[in-house]
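Remarks on the overall topology
What follows is each chain in one-letter form.
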Amino acid sequence: MDDPISTRADFVPETPLEPGERVLAELHPARATYWRENAWLAAFAMAGGMGILWGIGNPHVWTGAVGGLLAISVRAFYLASDETRMRWDLTDRRLLGPGRRAIALDNIAAVNTVFSAVQVVTVTGDKHLLKYQPDARATKARIDAARGQA
C-alpha cells in the first residue's frame, strides 16, 4: 500500500531478499536495555529540573525531580511498544531496516556505537540508528564482519 497519508508504522524489514541473498542475523532491540536507558534519562531529567529551579531561586526545588520523572516516564511508556519492536536484518549484501530501508554493505562508510545504539553512516552521509541493542559492540562487530572490516 503506497498511501501517502497512512499512519501505519513499519517495525520489520519489508524489502524482499535478492536471489541468493541470505540473512546472517536479525538485530532486535532489548526491552531491558530500553528501560535501563530511560531510567538514566529520567535521573538526568530529575537532576536537571532540580538544578534549574535551584538556579532561579525557586523554594520548591523538589518539584523539578517530580516533573523530570513524570515527563520521561510518560514518554517511555508511550514509546515502549514501538521502540522495542524495531528489527533490522543483516544479510550477506545489505542491512535491511524497518519498512523498505536498505543499505548496501559497500555503501556503509562507518559503524559507531552510542550508548546502546549502533549508528550506521553511509558514504553519502545518511545516518541510521539501531537502538537499544543488548550488546552494541557485538552488533557493530557483526556489521563490520559482514562488510569485510576487521
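Residues numbered from 1 in each chain as written. Predicted model: local features only at pLDDT ≥ 70, side-chain atom pairs only at ≥ 80, totals over all residues. Heavy atoms only, no water.

1. Thoughts on the sheet that holds strand β5 (residues 108-114)
Each strand in a sheet pairs with its neighbour through backbone hydrogen bonds, running either in the same direction (parallel) or in the opposite one (antiparallel). Put simply, the rule is: Strand pairing is defined by DSSP finding a minimum of two bridges between the two strands. Helix and strand definitions follow DSSP, with helices as H or I runs of at least four residues and strands as E runs of at least two, each counted in order from the N terminus. Axis definition: a line fitted to C-alpha atoms, over the contacting stretch in the case of helices. Angles run 0 to 180 degrees between N-to-C directions. The contact criterion used is simple: two residues touch if any of their non-hydrogen atoms lie within 4.5 Å.
Taken in spatial order, the three strands line up as β5-β6-β7 in an open sheet, and their pairing is antiparallel. With partners counted over all chains shown, the strands left at the sheet margins are β5 and β7 (127-130), one partner each. When strand polarity is set aside, the average angle formed by the axes of neighbouring strands in this sheet is 20°. Sitting on the sheet, helix α3 (residues 136-147) is in contact with β5, β6 (117-122) and β7, with an inclination near 170° to β5.

2. Quick look at the packing of aromatic side chains
Put simply, the test is: Aromatic pairing here means that ring centres of Phe, Tyr or Trp (its six-membered ring) are within 6.5 Å. Orientation follows from the plane angle: under 30 degrees is stacked, over 60 is edge-to-face, and everything else is tilted. Three exposure classes are used, based on accessible area relative to the maximum for each residue type with a 1.4 Å probe and protein chains only: buried under 20%, partly exposed in between, and exposed over 50%. Charges are assigned to positions over rings by a cutoff of 6 Å between ring centre and Lys NZ or Arg CZ, combined with an angular limit of 35 degrees from the ring normal.
One pass over the full model with this rule turns up four aromatic pairs. Between tryptophan 35 and phenylalanine 77 the ring centres are 4.9 Å apart and the planes differ by 50°, which places this aromatic pair in the tilted class. Taken together, the positions of tryptophan 35 in helix α1 (residues 31-55) and phenylalanine 77 in helix α2 (residues 62-83) put the pair 42 residues apart, joining distant regions of the chain. Overall, the relative accessible area of 29% leaves tryptophan 35 in the partly exposed class. Through a chain of ring-to-ring contacts, three or more aromatic side chains come together here, namely Tyr34, Trp35, Phe77 and Tyr132. The ring of phenylalanine 11 has arginine 85 sitting right over it, with the charged end atom 3.8 Å from the ring centre.

3. Regarding the sheet that holds strand β4 (residues 102-104)
Strand order in the open sheet formed by four strands is β1-β2-β3-β4, and the pairing between neighbours is antiparallel. Since the sheet does not close on itself, it has two edges, and those belong to β1 (23-27) and β4, each with one partner. Sheet twist, expressed as the mean angle between neighbouring strand axes with direction ignored, is 15°. The pairing of strand β2 (residues 88-91) with strand β3 (residues 94-96) spans two bridges and is classified as antiparallel. Looking across to β3, one finds that leucine 90 is bridged to leucine 95.

4. Side note on the nonpolar core
Quick reminder of the rule: Here, nonpolar core means buried Ala, Val, Leu, Ile, Met, Phe, Trp, Tyr and Cys residues that are tied together by side-chain atoms lying within 4.5 Å of each other.
Leu27, Leu90, Leu95, Ile108, Val120, Leu130 and Ile143 are the most contacted members of the largest nonpolar core, which totals 14 residues. Looking at this core, the elements with two or more residues in it are β1, β2, β5, β6 and α3. When residues no more than four places from it in sequence are discounted, the contact partners of leucine 95 are Leu27, Trp88, Asp89, Leu90, Arg101, Ala102, Ile103, Leu105, Val120, Leu130 and Ile143.

5. Some points on the packing of α1 against α2
The cut-off we apply is this: For classification purposes, angles smaller than 35 degrees are called roughly parallel, those larger than 145 roughly antiparallel, those between 65 and 115 roughly perpendicular, and all remaining angles oblique. When the near helix sits turned anticlockwise from the far one by under a right angle, the crossing is termed left-handed; a clockwise turn instead gives a right-handed crossing. Three classes are used, and their members are as follows: Ala, Val, Leu, Ile, Met, Phe, Trp, Tyr, Cys and Pro are nonpolar, Asp, Glu, Lys and Arg are charged, and the others, Gly among them, are polar.
Following both chains from N to C, one finds α1 and α2 inclined at 155°, their axes separated by 7 Å at the closest point. In terms of orientation, α1 lies roughly antiparallel with respect to α2. For the pair α1 and α2, the sense of crossing is right-handed. Counted together, Tyr34, Trp35, Asn38, Leu41, Ala42, Ala45, Met46, Gly49, Met50 and Leu53 of α1 and Thr63, Gly64, Ala65, Gly68, Leu69, Ile72, Arg75, Ala76, Phe77, Leu79, Ala80 and Glu83 of α2 form the full contact between these two elements. Broken down by class, the residue content of the contact of α1 with α2 amounts to 15 nonpolar, five polar and two charged.

6. Here we look at a nonpolar patch on the surface
The condition that has to hold: Like charges within 9 Å and nonpolar side chains (Val, Leu, Ile, Met, Phe, Trp, Tyr) within 5 Å are joined into patches, using only residues over 30% in relative accessible area that form no salt bridge. Residue exposure ignores everything except the shown protein chains as possible cover, and the areas themselves are Shrake-Rupley values with a 1.4 Å probe. A side-chain nitrogen of Lys or Arg and a carboxyl oxygen of Asp or Glu constitute a salt bridge if their distance falls within 4 Å.
Together, Trp62, Val66 and Leu70 make up an exposed nonpolar region whose accessible area comes to about 330 Å². Tracing the backbone shows tryptophan 62 in helix α2. Given the relative accessible area of 56%, tryptophan 62 is considered exposed.

7. Some remarks on the pairing of β5
Of the pairings in the sheet, the one linking β5 to β6 comprises six bridges and is antiparallel in character. From the neighbouring strand, isoleucine 108 faces β6, where its bridge partner is threonine 122. In sequence, β5 turns back onto β6 through a hairpin of two residues, with phenylalanine 115 there showing a positive phi of about 55°.

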